[in-house]
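Close look at the chain arrangement
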Amino acid sequence: MLALTVSAGNSVAKQAHAAAPIPQLVQKNGKFALMVDGAPFLILGGQANNSSNYPAALDKVWPAIKDMNANTLVMPVAWEQVEPTEGHFDFSFVDTLIKQARAHNVRLGILWFGTWKNTGPSYTPSWVKTDNKRFPRLTNKDGSTSYSLSPLYDATREADKKAYVELVKHLKAIDGQQHTVIILQVENETGVYGAARDYSAKADGLMNQPVPDALVKKLGKQPGNWHQVFGDDADEFFHAWSIARYCDDIAAAGKAVYPLPTYMNDALKDPLNPKSTPGSYASGGPTYNVLDIYKVAAPHIDLLAPDLYTPTSQSYEASLAFYARSDNALYVAESGNKPVYARYIFSTLGRQGIGFDPFGFDYSGYSNYPLGEKTWGPDQVKPFGTVYALFRPLERVWPKLSYEGQVWGVSEPDDHSGQDLDLGPQWKARVTYRQWQFGMPEWDPEHKNGYPEGSEVPSGGVAVAKLSDNEFLVAGINARISFDAGPANKDKGMLLDRVEEGHYDKAGNWVFERVWNGDETDYGLNLTNTPRLLKVRLSTYTK
Ligand code: DGJ
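Structure report, in brief. (Residues numbered from 1 in each chain as written. Predicted model: local features only at pLDDT ≥ 70, side-chain atom pairs only at ≥ 80, totals over all residues. Heavy atoms only, no water.)

As for the sheet that holds strand E18 (residues 471-477)
Backbone hydrogen bonds are what pair the strands of a sheet, in a parallel or an antiparallel way. Convention followed: DSSP bridges decide pairing: two strands pair if at least two such bridges lie between them. Here a strand is any run of E in DSSP of at least two residues, a helix any run of H or I of at least four, and the numbering for each starts at the N terminus. Only the stretch in contact is used when fitting a helix axis, every axis being a line fitted to C-alpha atoms; angles between N-to-C directions are given from 0 to 180 degrees.
Taken in spatial order, the six strands make up an open sheet running E14-E17-E18-E23-E20-E21, and their pairing is antiparallel. The open sheet is flanked by strand E14 (407-411) and strand E21 (510-516), the only strands paired with a single partner. Within this sheet the neighbouring strands show an average axis-to-axis angle of 30 degrees, counted without direction. Two elements, strand E17 (residues 461-468) and E18, share seven bridges in a ladder whose sense is antiparallel.

This is how it looks when you write it as structure tokens:
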């Protein structure tokens, strides 16, 4: 059994860190775990706003991370800030960040804002973004120059790589024992808008070369040049391949120094509109239609992660489904910060997600409305703080159960409809929403008693983990879960043998608080906005 490690913050934990292995993404039977200090760890992240990456801004970051109950702050480190003059590096912000993160007892994910930030070069140093001769931008189809840098030039890649490797070397030097930094994002939202690829003569020449063998084989194609093999998709696929190879080279160089887990995030292609044209979305980024290309081209990128800013449950769930693959661990690299997004942690965990990281969590005074909330403060952080309060004590327990056992998770759909959980042959469950804690819905078909306050905005979700054959852990809010006999028990009646409310202590042991029975269980297990954890033991009786 894996030892459950106490989180950092006391001297015992610090000694444990000194001997602990470097964070690593591991995989077993198509399941993943992010190992931190040798045991699975769930990232309950909060991503700071883009310009909070300076020491003077950090005072406004930590209170939001605290209110959120996050265990990880995700923070950009920009090429322009660490190498303002070519060859001269300044990691003073990184030093301050790591020191303060340790004092606040949170881990860090670092975002490398290099060649691409939302597809553009805005975070490259001045000596890069103003020198298009040395660091060429790509050519649009009509021959004009794009805003985005081309991935086809060694000069750009080598310069970016040099700075990234210096950053990684610095992390190894100051954090190689303690592992406050647990994951690195290589670039930020790669690709290009307004074009499918670089249409320069150089790019045209490369497209007439044979498609690399490994890619042809992976996609089950016949050999040929990019046009011959991929037809109408050739432009986008070539650009995706070129960016993936570029980023893989950077990630590989960093891993050779200090092999932290790496990922790339994606500005999504609409999951419900496969016919959308590349360039109307970020062409060449790790959109769901090119994940196989990235898997071949970028073996040093551990996972490809969606940035989820579409609030509808149909769209959000469709994107989660695209990125949770047996060869790709699900990590929600970014998510919108409107209250409706908070519930999606449940379906992320149901798909064995290793982490969740909504965007814009600091009190710097910035709000990304209309994409996110209009005003920003503790009230806006609260819905996320509520769901994280449920999972923070499970930051070690849940990912171990997810990696080694079976888990389920659902978020309330926009139409509030119920969901069935297939818990295997013995048991099943139904999750429903907008219910009172007492009584059955059929008692009030016309809803004369109304609905719980605030429940018109979907906010519910439930996560379930199997503890043993007949025992389940239930974590949820604003939902009712009702267990029932599964197909193997179809002639028997289901009974709730024992329902315990409790919590896990820091060593990962269950601490019993009370038994739920009577009104608390007669109408299903009703979870309110107060985070509660239940251990449910099921049994049957002969009918
Ligand atoms: C996605 C980007 O990755 C973030 O850095 C940020 O620009 C958001 N979009 C919008 O606030």
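Comments concerning the pairing of strand E13 (residues 355-358)
Quick reminder of the rule: In this scheme, a residue with accessible area under 20% of its type's maximum is buried, one over 50% is exposed, and one in between is partly exposed, where area comes from a 1.4 Å probe on protein chains only. Throughout, right-handed denotes a crossover for which the path from the first strand over the helix to the second runs clockwise when the strands point away from the viewer.
Residues Gly355 and Asp357 point to one face of E13 and Phe356 and Pro358 to the other, with burial holding for every one of them. Bridge count for strand E4 (residues 43-47) against E13 is two bridges, and the pairing is parallel. Bridge assignment links Ile43 to a residue of E13, and that residue is Gly355. The pairing of strand E12 (residues 331-335) with E13 spans three bridges and is classified as parallel. Following the sheet pairing, Tyr331 is matched in E13 by Gly355. Chirality of the crossover, the property in question, places the unit of E12, helix H13 (residues 344-350) and E13 among those that are right-handed.

Quick look at the pattern of salt bridges
The condition is simple: Put simply, a salt bridge is a Lys or Arg side-chain nitrogen that is within 4 Å of an Asp or Glu carboxyl oxygen.
Counting across every chain of the model gives 27 salt bridges. Among the ionic pairs, Glu80 bridges to Lys129, the shortest N-O distance being 3.7 Å. Taken together, the residues Glu80 in helix H3 (residues 79-82) and Lys129 in helix H5 (residues 126-129) connect sequence positions 49 residues apart. Judged by its relative accessible area of 27%, Lys129 is partly exposed. Lys161 is paired through a salt bridge with Glu158; the nearest N and O atoms lie 3.2 Å apart. Of the two residues, Lys161 and Glu158 both sit in helix H6 (residues 154-175), three residues apart, roughly one turn of that helix.

A word on the environment of Phe361
Where we set the bar: We call two residues in contact when some of their heavy atoms are within 4.5 Å.
With respect to the element layout, Phe361 can be found in the loop between E13 and helix H14 (378-391). A residue is classified by how much of its surface remains accessible, and Phe361, at 0% relative accessible area, is buried. Each C-alpha atom, one on Phe361 and one on Gln435, is 31 Å from the other, the two residues being 74 residues apart in sequence. Discounting residues that sit within four places of it in the chain, Phe361 has contacts with Gly46, Gln47, Ala48, Val61, Ala64, Ile65, Met68, Asn337, Trp376, Val381 and Phe384.

With respect to the sheet that holds strand E19 (residues 479-485)
Ordered in space as E15-E16-E19-E22, the four strands form an open sheet in which the pairing is antiparallel. The sheet is open, and its two borders are formed by strand E15 (419-422) and strand E22 (525-527), each paired with just one other strand. Sheet twist, expressed as the mean angle between neighbouring strand axes with direction ignored, is 20 degrees. Both E15 and strand E16 (residues 427-432) contribute to a ladder of four bridges, which runs antiparallel. Across the sheet, the residue bridging to Gln419 is Val431, located in E16.

Section: helix H15 (residues 397-404)
An α-helical segment advances 3.6 residues per turn. Residues three or four places apart therefore align on the same side. Burial analysis of H15 places seven of its eight residues in the buried class, the great majority of the element. Of all the residues in H15, the buried ones are Val397, Trp398, Pro399, Lys400, Leu401, Ser402 and Tyr403.

Re unusual backbone geometry
Tyr369 connects to Pro370 through a cis peptide bond whose omega is 10 degrees. With respect to the helices and strands, Pro370 occurs in the loop between E13 and H14. Phi is positive for Asn69, close to 60 degrees, though the residue is something other than glycine.

Observations regarding helix H4 (residues 92-103)
Heads up, the rule is: An expected span of 1.5 Å times one less than the residue number is assigned to each helix. Arc definition: directions from the helix axis to the C-beta atoms.
Taking 1.5 Å per residue as the helical rise, H4 with its 12 residues ought to reach 16 Å, and the 17 Å between its terminal C-alpha atoms agrees with that figure. Buried within H4 we find Phe93, Val94, Leu97, Ile98 and Ala101. Around the axis of H4, the buried residues are gathered within 125 degrees of arc, so they sit on the same side. Exposed residues pointing more than 90 degrees away from the buried face of H4 are listed as Lys99 and Ala103. Buried residues along H4 sit in contact with helix H2 (62-67), strand E5 (72-78), H3, strand E6 (107-117), H6 and strand E9 (181-188). Phi turns positive one or two residues past the end of H4, at Asn105, with a value near 60 degrees.

Points about the site of the ligand
To keep it simple, the criterion reads: Near residues are defined by distance, with any heavy atom within 4 Å of the molecule or strand qualifying the residue. We define a polar contact as two N or O atoms separated by no more than 3.5 Å, with the added condition that, inside protein, one atom must be a possible hydrogen donor and the other a possible acceptor, whereas residues neighbouring each other in sequence contribute only through side-chain atom pairs. Methods summary: accessible areas were calculated by the Shrake-Rupley approach with a probe of 1.4 Å, and residue burial reflects only the protein chains presented. Residue classes follow a fixed rule: Ala, Val, Leu, Ile, Met, Phe, Trp, Tyr, Cys and Pro count as nonpolar, while Asp, Glu, Lys and Arg count as charged, and any other residue, Gly among them, counts as polar.
Around the ligand, the neighbouring residues are Asn50, Lys117, Asn118, Asn188, Glu189, Asn265, Asp307, Tyr309, Glu334, Phe359, Asn368 and Leu371. Within the side chain of Asn50, one N or O atom sits 3.0 Å away from an oxygen atom of the ligand. Within the contact set of the ligand, an oxygen atom lies 2.6 Å away from a side-chain nitrogen or oxygen of Glu334. With the chains in place, 88% of the 300 Å² that the ligand exposes on its own is no longer accessible. Across the shell around the ligand, the residue classes tally to three nonpolar, five polar and four charged.

Details of the packing of aromatic side chains
Quick reminder of the rule: When two rings of Phe, Tyr or Trp (its six-membered ring) have centres within 6.5 Å they constitute a pair, described as stacked for plane angles under 30 degrees, edge-to-face for angles over 60, and tilted for the intermediate range. Look at NZ for Lys and CZ for Arg. If either is within 6 Å of the ring centre and within 35 degrees of the ring normal, a charge sits over the ring.
This model, assessed by the stated rule, comprises 27 aromatic pairs. Here the aromatic rings of Trp226 and Phe230 are separated by 5.6 Å at their centres, their planes lie at 40 degrees, and the arrangement is tilted. Of this pair, Trp226 and Phe230 both sit in helix H9 (residues 226-230), four residues apart, roughly one helical turn. By the burial criterion, Trp226 is buried, and Phe230 matches it. Residues Trp443 and Tyr523 carry aromatic rings whose centres are separated by 5.5 Å and whose planes lie at 75 degrees to one another, so their mutual orientation is edge-to-face. Separated by 80 residues along the polypeptide, Trp443 in the loop between E16 and E17 and Tyr523 in the loop between helix H16 (519-522) and E22 bring together distant segments of the chain. Overall, Trp443 belongs to the exposed group, its relative accessible area being 53%. Taken together, the ring pairs in this structure connect Trp79, Trp112, Trp127, Phe135 and Tyr164 into an aromatic cluster. Positioned above the aromatic ring of Tyr403 is the side chain of Lys28, whose terminal nitrogen or guanidinium carbon lies 4.6 Å from the ring centre.

Topic: the pairing of E9
Consecutive side chains along a regular strand alternate between the two faces of the sheet. Counting buried positions over the eight residues of E9 gives eight, a clear majority of the element. Sheet topology places E9 next to strand E10 (residues 262-267); two bridges connect them, and they run parallel. Bridging across to E10, Gln185 finds its partner in Tyr263.

Remarks on the nonpolar core
Rule in force here: Joining through side-chain atoms within 4.5 Å is the link that ties buried Ala, Val, Leu, Ile, Met, Phe, Trp, Tyr and Cys residues into a set, and such a set is a nonpolar core.
Leu73, Leu97, Leu171, Trp226, Ile345 and Phe391 are the most contacted members of the largest nonpolar core, which has 110 residues in total. Among the elements that line this core, the one with the most residues is helix H10 (residues 234-257), at 11 residues. One finds Leu421, Tyr433, Leu525 and Val536 within the second-largest nonpolar core, a separate group that totals 22 residues.

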